[in-house]
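Listed below are the residues making up each chain.
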Amino acid sequence: MGLTGAGKSTFINVATQSPNKLKVGHSIQSCTDAIARADPFKLDGRRIVLFDTPGFDDTNKSETEILRIIAFELEKQYRQGKTLHGIVYLHRITDQRVGGVAKTNFRIFRKLCGDSSLKNVLIITTMWSRLESELEGQRRAAELASLDDFFKPAISQGALMMHHKKGTVESAHQILRQILKNHPLALSIQKEIVDQRKTITQTGAGIAVDEKIALLAQEYERRLKEQLEAAEEARRERDEQSRKEQLEEAQKVRQLLRKLEEEKRSQVRQYERLQEQFAEAEKKREQAVREAEERSRQLRWEMVLAERRKAREAEEAEERNRALRQELEANLERKMQKMTLASEFGSPPSHGIISGHSSASPPTQGIIVSGHSYEMLPMQHQSSYLALDMNEEDASARHIWKFVHVPNELDDSHRLWKIQSARNGKYLCATERGGLHALRTLSPTLWCTWVINSNNSHFEIDRHDENKLDDESAILVKRGRRGNLVGWSALGDEPHAYGENNQRMPVECGTWVLKHVN
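Residue numbers restart at each chain and count upward from 1, following the sequence in its written direction. Local features in this predicted model are restricted to residues of pLDDT 70 or higher, and side-chain atom pairs are both shown and tallied only at a pLDDT of 80 or more, whereas totals for entire chains, interfaces and linings draw on every residue. To get the side-chain values, all heavy atoms of the structure are used, and hydrogens and water are removed first.

**Some remarks on the side chain of Thr125**
(1) Moving on: Strands here are runs of E lasting at least two residues and helices are runs of H or I lasting at least four, both read from the DSSP assignment and numbered beginning at the N terminus. For Thr125, the location among the structural elements is in strand β6 (residues 121–126).
(2) Moving on: Of note is the side chain of Thr125, whose polar atom sits 2.8 Å from the side chain of Trp128.
(3) Moving on: In this structure, Thr125 is in contact with His91, Ile93, Leu144, Met161, Met162, His163 and His164, ignoring residues within four places of it in sequence. As used in this structure description, the phrase polar contact means that two N or O atoms lie within 3.5 Å; if the pair is within protein, one of them must be able to donate a hydrogen and the other to accept it, and residues adjacent in sequence are counted only when both atoms belong to side chains. Any two residues having at least one pair of non-hydrogen atoms within 4.5 Å are treated as being in contact.

Take a look at the structure:
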């Protein structure tokens with residue numbers, strides 16, 4: 001803010017460095033007759049927006065109209081919840097004297113801000129490059145700050161005086177950095193119009209403008225009285241020409257008075273119309289926001305419903321797949337139960353220990369039936385059973401294991417099994433270090449069984465590895481002081497089992513006797 005020609009638009013153009021320059025005047029004619037919003041820019045990570053305002057001494061508009069323009073913009077921002085971080089009031093340091101116009105306009109400015117908001121005001125002197133010396137500028141700045149009817153009251157209320165000496169970008173940014181320190185505050189005219197619901201003429205700034213108009217009206221009335229007295233004197237002296245001139249001059253003064261009064265009434269009506277238009281625009285904006293929010297809620301709800309449908313369809317598809325898998329497994333189980341074993345040299349084939357027979361009759365020697373349970377005894381230590389608990393065998397425990405066939409689609413010559421405890425449902429699983437655990441798991445170890453002696457149901461039980469079909473690893477046993485210690489190890493020249501403390505021990509037995517239980 002500031003008088004016409006103080007350098008407001010120039011200051012903004014320098015500070016923003018925007019290609020969209022505000023129009024700058026170089027004469028006494030004003031170039032800014034409305035609030036101009038400059039392009040936003042960043043300073044120290046903060047987004048700044050500067051507004052250029054016409055001066056109260058505008059050559060095209062009256063002070064009342066300028067106040068209406070500024071007040072309406074401030075009211076609009078305040079109703080939207082926006083407050084200013086500060087106001088930069090610019091003044092030419094080159095002015096030889098401070099005239100009545102400058103003093104009156106700054107008094108209106110102070111009323112517009114209010115005493116409580118003056119601490120967010122910066123008074124900036126400009127045009128230092130036009131001085132003969134900087135010393136002259138310092139003298140004038142000190143004089144401005146000391147004038148009781150000008151800057152001194154504002155400075156005493158917290159306003160800060162600074163100088164835009166070089167007119168550079170850095171100088172402008174240094175001034176704005178001072179404003180960045182402020183806490184945004186509502187101006188007096190914003191609170192008066194919005195919170196206190198005053199008309200513009202009832203605000204402090206409006207009253208200050210009215211005081212000036214009142215003084216001007218008093219001056220016109222004085223002049224009118226003088227003209228009428230002069231006309232009466234001319235009538236008495238029968239000077240018709242002089243009387244006519246005095247009456248014409250009096251009529252002009254009457255017209256000026258009527259113009260002042262009409263201007264005052266007109267500005268109030270215009271401001272009220274602007275307020276009504278703004279209220280209607282806000283009503284439409286709020287309605288548009290509500291409609292957009294409703295559309296957004298509807299879209300979100302449709303997305304939720306679509307996700308639910310998708311999840312339900314996935315569950316239904318999974319249920320169908322599960323039922324299909326169960327049907328396929330049941331068909332496979334029925335097929336296996338009806339399967340006839342081919343024999344070689346009068347005994348089951350070396351890999352063929354999956355059988356089909358009626359569950360009502362006991363299984364044939366050398367045959368494992370899917371879903372049936374067996375005791376597992378080491379061939380050389382048939383006094384104890386395979387009973388795993390934390391990779392240790394309790395020699396006195398009697399454990400029963402159920403063999404469940406797993407189809408092998410890659411190689412039908414390998415019969416694969418899941419071996420499950422009939423007591424607790426845990427699966428027999430191999431560890432990476434060669435031990436064995438009984439675990440509850442969805443992906444248990446798969447085992448291959450090979451007939452060693454079909455008459456005595458002797459089997460070699462190997463860990464299945466799809467990547468190493470020729471390098472199976474058998475379940476082994478070593479009799480120790482704590483019973484039969486069981487592990488698995490790759491069969492070779494020197495196979496080993498793992499026992500207590502994961503110690504490798506020479507294999508004593510790798511053949512198992514399976515005794516059918518049910």
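That covers the picture; the talk isn't over yet.
**Here's the deal with the sheet that holds strand β7 (residues 160–163)**
(1) Moving on: Paired strands, as defined in this entry, are two strands with at least two bridges between them according to DSSP. Pairing within the open sheet is parallel, and its three strands lie in the order β5-β6-β7. Among the strands making up the open sheet, the edge pair consists of β5 (87–92) and β7. Looking at each pair of strands side by side, their axes are set apart by 30° on average, direction ignored.
(2) Moving on: One ladder, built from six bridges, connects β5 with β6; its direction is parallel. Counted as the bridge partner of His91 is Thr125 from β6.
(3) Moving on: Lines fitted to C-alpha atoms define the axes, with helix axes restricted to the stretch in contact, and inter-axis angles between N-to-C directions lie between 0 and 180 degrees. The strands touched by helix α6 (residues 169–180) within the sheet are β5, β6 and β7, with β7 carrying the most contacts at an inclination of about 165°.

**Remarks on the packing of aromatic side chains**
(1) Moving on: Stacked, tilted and edge-to-face are the three classes assigned to paired rings of Phe, Tyr and Trp, where Trp is represented by its six-membered ring and a pair needs centres within 6.5 Å; plane angles under 30 degrees give stacked, over 60 edge-to-face, the rest tilted. Going through the model one piece at a time under the given rule, you end up with nine aromatic pairs.
(2) Moving on: Measuring from centroid to centroid gives 4.7 Å for Tyr89 and Phe109, while their planes differ by 45°, and the two rings are tilted. Highlighted residues: Tyr89 in strand β5 and Phe109 in helix α3 (residues 100–113), separated in sequence by 20 residues.
(3) Moving on: Only protein chains enter the area calculation, which uses a 1.4 Å probe; residues under 20% of their type maximum are buried, those over 50% are exposed, and those in between are partly exposed. Judged by relative accessible area, Tyr89 falls into the buried class, the value being 4%.
(4) Moving on: Aromatic rings pair up to connect Tyr89, Phe106, Phe109, Phe150 and Phe151 into one cluster.
(5) Moving on: By definition here, charges over rings are those cases where NZ of Lys or CZ of Arg is within 6 Å of the ring centre and within 35 degrees of the ring normal. Taking NZ or CZ as reference, Lys165 lies 5.0 Å from the ring centre of Trp128, over its face.

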